[in-house]
Structure formats: structure tokens, C-alpha cells
Amino acid sequence: MTASAPSHRRRVPCAAALLGFAAALAFPTGLALAQSTAVEPCPAQAPSPASPATQTPSASTAPGSISGFVTDPDGDAVNGATVTLTTATLTAAAPPPRTTNTAGEGAFTFTNVPPGPFALTIDTPGYAPCRLSGQLAPGDDLSLPAIPLAASTTTNVQVTASQAEIAQAQVQAEEKQRVLGAFPNFFVSYEPDALPLTPRQKFSITLRNLVDPISFALIAVQAGAEQAGNVYAWGRSPSAYGKRYAAAYGTFLNGNLLGDALLPSLFHQDPRYFYKGTGTTASRIRYALASSVICRGDNRRKQFNYSGVLGSLAASGISNAYYPAVNRSGAALTFENAAVGLAANAASSLLQEFLIRHLTPHLPPPGN
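Numbering of residues begins from 1 in every chain and follows the order in which that chain's sequence is written. Predicted model: local features are reported for residues with pLDDT of at least 70 only, side-chain atom pairs are reported and counted for 80 or more only, and whole-chain, interface and lining totals are derived from all residues. Hydrogens are left out, water is left out, and the side-chain values use all remaining heavy atoms of the structure.

A. Structural view of the nonpolar core. Side-chain atoms within 4.5 Å link the members of a nonpolar core, which is a set of buried Ala, Val, Leu, Ile, Met, Phe, Trp, Tyr and Cys residues. The buried label applies to any residue whose accessible area, calculated with a 1.4 Å probe on protein chains only, is under 20% of its type's maximum; exposed applies above 50%, and partly exposed to all values in between. One finds Ile66, Phe108, Leu120, Ile122 and Leu144 to be the most contacted residues of the largest nonpolar core, which totals 19 residues. Looking at this core, the elements that each hand over two or more residues are strand 2 (64–71), strand 3 (82–87), strand 5 (107–113), strand 6 (116–123) and strand 7 (130–136). In what follows, residue pairs with any heavy atoms lying within 4.5 Å of each other are defined as contacts. Dropping the residues within four chain positions of it, Leu120 is found in contact with Ile66, Val83, Thr84, Leu85, Phe108, Phe110, Cys130, Arg131, Leu132 and Leu144. Counting seven residues, the second-largest nonpolar core is a separate cluster that includes Val179, Val188, Tyr190 and Tyr273. By definition, any uninterrupted DSSP run of H or I lasting at least four residues is a helix, any uninterrupted run of E lasting at least two residues is a strand, and each is numbered from the N terminus.

B. Broad picture of helix 5 (residues 238–267). One less than the residue count of a helix, multiplied by 1.5 Å, gives the span that helix is expected to have. Look at helix 5: 42 Å from first C-alpha to last across 30 residues, which is about the 44 Å you get at 1.5 Å a residue. In this scheme, the bend at a residue equals the angle between the axes fitted to the seven residues that finish there and the seven that begin there. Leu258 marks the point of greatest bend in helix 5, at about 40°. Phi for His268, located one or two positions after helix 5, is positive at around 55°.

C. View of helix 4 (residues 213–228). Helix length check: helix 4, at 16 residues, gives a terminal C-alpha distance of 23 Å against a target of 22 Å (1.5 Å per residue), a fit within 8%. Buried-residue contacts for helix 4 involve strand 11 (183–184), helix 3 (199–210) and helix 5. Note on helix 4: the residue one or two positions beyond its end, Asn230, has a positive phi of about 55°.

D. Seen up close, the pairing of strand 5. With five of its seven residues buried, strand 5 lies for the most part within the structure. Any two strands with at least two DSSP-identified bridges between them are counted as paired. As defined by bridge partners, strand 2 adjoins strand 5 across five bridges and the pair is classed as antiparallel. In the sheet register, Ser67 faces strand 5, and the bridge partner there is Thr109.

E. Region of interest: the environment of Asp123. In this fold, Asp123 is placed in strand 6. Here Asp123 falls in the partly exposed class, since its relative accessible area comes to 33%. A C-alpha to C-alpha distance of 9.0 Å links Asp123 and Leu149, two positions 26 residues apart in sequence. Those residues within four positions of Asp123 in sequence are excluded, and the remaining contacts are Ala81, Thr82 and Pro129.

F. Molecular detail of the packing of helix 3 against helix 5. Between N-to-C directions, angles span 0 to 180 degrees; the directions come from axes that are lines fitted to C-alpha atoms, helices contributing only their stretch in contact. In the contact formed by helix 3 and helix 5, the axes pass within 8 Å of each other and the chain directions differ by 165°. By the angle class used here, helix 3 and helix 5 are roughly antiparallel. Two packed elements cross with a definite hand, and for helix 3 against helix 5 that hand is right-handed. Together, Pro199, Lys202, Phe203, Thr206, Leu207, Asn209 and Leu210 of helix 3 and Tyr249, Phe252, Leu253, Asn256, Leu257, Asp260, Ala261, Leu262, Pro264 and Ser265 of helix 5 make up the contact between the two elements. Residues were grouped as follows: Ala, Val, Leu, Ile, Met, Phe, Trp, Tyr, Cys and Pro as nonpolar; Asp, Glu, Lys and Arg as charged; and all remaining residues, including Gly, as polar. Classifying every residue of the contact of helix 3 with helix 5 by side-chain character gives 11 nonpolar, four polar and two charged. Small angles under 35 degrees read as roughly parallel and large ones over 145 as roughly antiparallel, with 65 to 115 read as roughly perpendicular and the rest as oblique. Handedness of a helix crossing follows the sense of rotation of the near helix relative to the far helix, less than a right angle counterclockwise being left-handed and clockwise being right-handed.

This is the structure in C-alpha cells:
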């Protein structure tokens, strides 16, 4: 079916439209048209054919046609609007709806329409849907008055989260990562394109790790092992255990605050390990080992890990302030301890790359 444009008019004045509407109401075969205004769409008026028990079928079943044209609130033609025709008959099953688009002067035409009740629905982006109904007489070529559409009152609003909000959501997901469902695994990102953290977020995730109950429990186990082995010259009294616990937690505190929060904020570096998960085994091993001295900057570029290296040195040096004098290390031993800490970080990254992911529940599938 094609749409043919009426050749006698482009716009219909308001008075002519009203006369056409009045004429449609005055005759039995006329149109029940729901006119729209500039602010309200055409009200729905569904076809309501009479019951076969009360309606007398017409002696003629000759098909007819329905044509018209669609305008905007100013009376200009609207092309490309979708017009759907639904009909009902008394003698046979209702045919399926038919659809066409307005063209030319906003015109549409349906031919070979069975007589009886019909309904038209007009939809187009930017305008409110318009629905109207009427009765087609046998063999009639029904020309409808102009059908004005009302401007749509629906506004599509797109809400875009800021980068800081997206990063916060990623941090909140990372703070739920726990190996075997218990041990904190907060400083690992399984999002390859994770957004950089703000300084506040770096301190937030660090403090979350420092006050986690499992962190306190692990420090207690470490202090207990040192107590059993009489590590450091404090003896084995209950007070000695408290000193060992305080010293172990102090080192843990200094290392985290300096290496994961303060220095990364100053150097604009990301303290997290970014899981690779792809490539050959050899490339993944090299990536994990290098992570202790190579990190991702807040500009998402690789750079020397000033935060991790200086954080290890500073934490090792500060520990001399609270360990017994006999156990305090000189400058050489401070550098040695820092190197041991970096090696431990590299070993931890190897475990992250090949094992820990499989032991951390509720993670998204790789590549997501």
C-alpha cells in the first residue's frame, strides 16, 4: 500500500478543520475524531462495534478507502509518521492491523478497507500518540479532516555518572573482595580499564584494610609466632606480647599509609595490582614480577613505582624507633629489609595472577 498526497491543500485552517469534524459527527458514516491541542495528545477512542445480535449487517460488503493527512500543532505537514489501521467486521474474523507512513504533504491512504468500524493510531517521535475511530460505509472513500498532533510532553533525560562516582563504585566492589571469603583482597583490580582513584579514595581503601578484623587477627598470629620464637629482645612475658603486637601493627600501619595512600597521592600513582589474566604464562610472570617496581600512574601510564619503593624504605626505617636497641637495624639493613619487602610484593603479585583470583568468590567473569 502506498500513501498519496492530496493535491488540493497543504495546510487546513482551524475553521475548516472544525467544519470537517462537525460534518463527521452529523452523518452515520462519519468519523469520530479526537482532536489534539498544542499541549494534550488526542484522547483514546477505541472502536466499539455493535454486537452481532443487535446490529443489522449491511447488504453490501464493498470495500472502501480511508485517507487523510497529519500536521503538527502549527498546521505544517508531518511526514514519516506511522499510521496504523485496525478494522472490525460482522461477517468474518477481524483482519490484522495495517500500517503505512505519511509522505508528501503528510498524507496517508488505506485502500480496500472493509466496511464497518475502524480505528487509526498515529505515532511519530517528538509528538504524543493520537488515536481516533469511526465507521466506514460500504464502498465509501472516506477523506478525513486534518489530524493535528500534539507535542510530546515526555522528556528523555540521560544521567551520566562522573568518573569519581564510577571509581567509587569500583572501590566499593574491591572492598568486598576476600580470599576464601574471609581474607581482605582490596588492593587488586580485576577491571582492566578501572578508573584512577582520587586521593580520598586511596586513603579510604587503605583505612578499610587497616581496620579490618581479619587484619587485626593476622597481626595477632604474627605477634604470637614472634613470642613463641622469642624474636626481638622483649622476653616472653604478657607485656612482651603486647609490645610485639604493637610493633607488628605499627609496621603494617606505616607500610599501608605510606605505600598505599600518602605517597600514591603525592606521586599520582595507583596502589592497586591490576590483574592481567591474558597472554602467555611467561608474559604474565614478567608482568607480576615487575609490578613491585613498575606501577600504573593516575594518567594510566606505566611508571617507576616511587610509592612502593619509598614506602618500603620509610616503613623499615621508622620501625627502628620502636624495636629494642639491640634489634635496631642500621642503614644497610634498612635497605635490605626494604628489598625483602619488594620481593615479597612480587611474590604476592604472582599469587594474584595465577591463584588468588580462583580463591576469591563473587568476582565478575574475566574480561568484564
